[in-house]
Structure formats: structure tokens, C-alpha cells
Amino acid sequence: VKFGFGLETYVSGNAHGAFYSTRLNVSNGKSVFSLGPCLQKRTLELTGAKLGYSYLISGINDRYDKDELSEMKDYQPDILELRVLCYVQYLHNARLSYAASRVETITNNESTANFNQVRLCTVEAALCAEIDINIKWLKIRTYMGATTFYHTTYIKGMYREKCSPALIFGTGFIIPNI
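Below is a summary of the structure that appears in this document. Quantities reported herein were computed from a predicted structural model and do not represent experimental measurements.

1. Examining the overall build of the chain
And then number 1: Within the chain one finds three helices and eight strands.
And then number 2: Taken from the N to the C terminus, the helices and strands of the chain come in the order β-β-β-β-α-α-β-α-β-β-β.
And then number 3: Out of the 178 residues in the chain, the part that is buried amounts to 39%.
And then number 4: Here the contacts in the chain between residues at least 6 apart in sequence split such that 61% fall between residues at least 24 apart.
And then number 5: Of the roughly 10,100 Å² that the chain leaves accessible, carbon and sulfur atoms contribute 63%.

Below you can see the structure in the form of C-alpha cells.
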């Protein structure tokens, strides 16, 4: 079991915009579990938490078991690793992104709501393809995939759906062993 640390930025179509996330990673063999807070870019407020799981599909750990890796004297990890990533995220009272608040204001011009101040609670789950680039003690991570979100608090009549599929894009870096 190894402990690591990661930082990332990502954006999905959940109407909240971009986020920054730090996380603690716990890895064992091909599996990596991660947990960390979500910082909304627009407000720089901690608005939620993200729990993730990543599984190695291709890389050196895919070809050898732990005992064989420990016996290899010139072991070098692969430069590229392909992984499957899934995560669940909860956002509590997060504001709409600036672009989403403008869309809501324009499409709901008869509404009395100030969409620039609207805060929604949102649950989101995603399934992504992840590519990690290994550079000595650092991994550069990039992922994209599909997500589904559900706004548990919602203003009826909004242009954005209460529950909808969307795309997710993210990048960051990981220090696998601290």
C-alpha cells in the first residue's frame, strides 16, 4: 500500500464551471483510491468533496505481478499508463459558473431570481479514460469522459436541466509516493 498526493483542475457540464481539487491517494497494485475537497474556481470557496477510483489497464504493473516487479533490478515504469477513472462528487451550495448564470439570466428574463447569486447542491458521478505520463517521481494526469449530475436544489424553470448527462475534462499531477 502506498500513499500519494495529487492536484487537479477539471470542468464538467454541471453548470458550476471549473474546480480545483487536492487529494490524498491510496494505491495498491493496479488500483488507486482518492479523496479530497473541491474548490470552485469562480468563488475560491470549498464547496464539496470528490471520491475517486482509478484502475490501471495498461502499463508495467499490467504485465508483471508484485513479486516479479520486486525481483527486477532495472525496473523502469512505463512512460504512459492508460487507466479507467470513476468518481462521485458532492457540491454543497456552489454557485453557477459565470457563463451559466448569464445563460440563465438571458433565457429567464421574466424571472426575479438573481442567477449570479444562485447556489445549488449537486451530486455528480463520472466514468472517464485517463492517461498518466510518468516523469520520475511525478505523474501528469489527463482525463475525459462522461458524467451525470443531479441538482438536489433547483429553481424550477431554469434553462439547465435538473438531471442530465455531460462531458468532463480534467488535468493535474500526482506524486504517487509521499
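2. Overview of the sheet that holds strand β3 (residues 31–40)
Backbone hydrogen bonds are what pair the strands of a sheet, in a parallel or an antiparallel way.
And then number 1: Around the barrel, which closes on itself, the eight strands sit in the order β1-β2-β3-β4-β5-β6-β7-β8 with antiparallel pairing between neighbours. Neighbour to neighbour, the strand axes of the sheet diverge by 25° on average, direction disregarded.
And then number 2: The sheet contact formed by strand β1 (residues 2–12) and strand β2 (residues 18–28) spans ten bridges and is antiparallel. Bridge pairing in β2 links K2 to S27.

3. With respect to a nonpolar patch on the surface
And then number 1: A cluster of nonpolar residues, Y55, I57, I79, L80, L82, V84, L127, I131, I133, I135, I140 and F173, forms a patch on the protein surface that exposes about 1,000 Å² of accessible area.
And then number 2: It is strand β6 (residues 119–135) that provides the largest number of residues to the nonpolar patch, a total of four residues.
And then number 3: The residue L127 is located in strand β6 in this model.
And then number 4: Judged by relative accessible area, which is 54%, L127 ranks as exposed.

4. Here's the deal with helix α3 (residues 98–107)
And then number 1: Restricting attention to buried positions, one finds in α3 the residues A100, S101 and E104. What you see down the axis of α3 is that its buried residues fit within an arc of 100°, all on one side. Turned more than 90 degrees off the buried face of α3, the exposed positions are Y98, A99 and I106.

5. Overview of the side chain of N25
And then number 1: Its location among the elements puts N25 in strand β2.
And then number 2: A polar contact of 3.0 Å, which involves the side chain of N25, links it to the side chain of R23.
And then number 3: Apart from the residues lying within four places of it in its own chain, the contact partners of N25 are K2, F3, G4, F5, G6, V32, F33, S34 and I174.

Reading the values: rules and limits
- All chains use their own residue numbering, which begins from 1 and follows the written sequence.
- Local features are withheld for residues below a pLDDT of 70 in this predicted model, meaning they are given only at 70 or higher, and side-chain atom pairs are given and counted only at 80 or more; totals for whole chains, interfaces and linings count all residues.
- Only heavy atoms go into the side-chain values, all of them from the structure, while hydrogens and water stay out.
- A run of H or I in DSSP counts as a helix once it spans at least four residues, and a run of E counts as a strand once it spans at least two, with each numbered from the N terminus.
- Categorising residues by exposure relies on relative accessible area from a 1.4 Å probe, with only protein chains included: less than 20% of the type maximum marks a residue as buried, more than 50% marks it as exposed, and the intermediate range marks it as partly exposed.
- Residues are treated as being in contact if the distance between any of their heavy atoms lies within 4.5 Å.
- All accessible areas in this document rest on Shrake-Rupley with a 1.4 Å probe, and a residue is counted as covered only by the protein chains that are shown.
- Strand pairing is assigned whenever DSSP identifies at least 2 bridges connecting the two strands.
- Simply put, an axis is a line fit to the C-alpha atoms, just over the touching stretch for a helix, and the angle between two N-to-C directions goes from 0 to 180 degrees.
- Candidate patch residues must exceed 30% relative accessible area and have no salt bridge, after which like charges are joined if within 9 Å and Val, Leu, Ile, Met, Phe, Trp or Tyr side chains if within 5 Å.
- A carboxyl oxygen of Asp or Glu within 4 Å of a side-chain nitrogen of Lys or Arg is what we treat as a salt bridge.
- An arc is given here, and it is the one of the directions from the helix axis to the C-beta atoms.
- We call two N or O atoms a polar contact when they sit within 3.5 Å, provided that within protein one can donate a hydrogen and the other can accept it, with sequence-adjacent residues counted only if both atoms are side-chain atoms.

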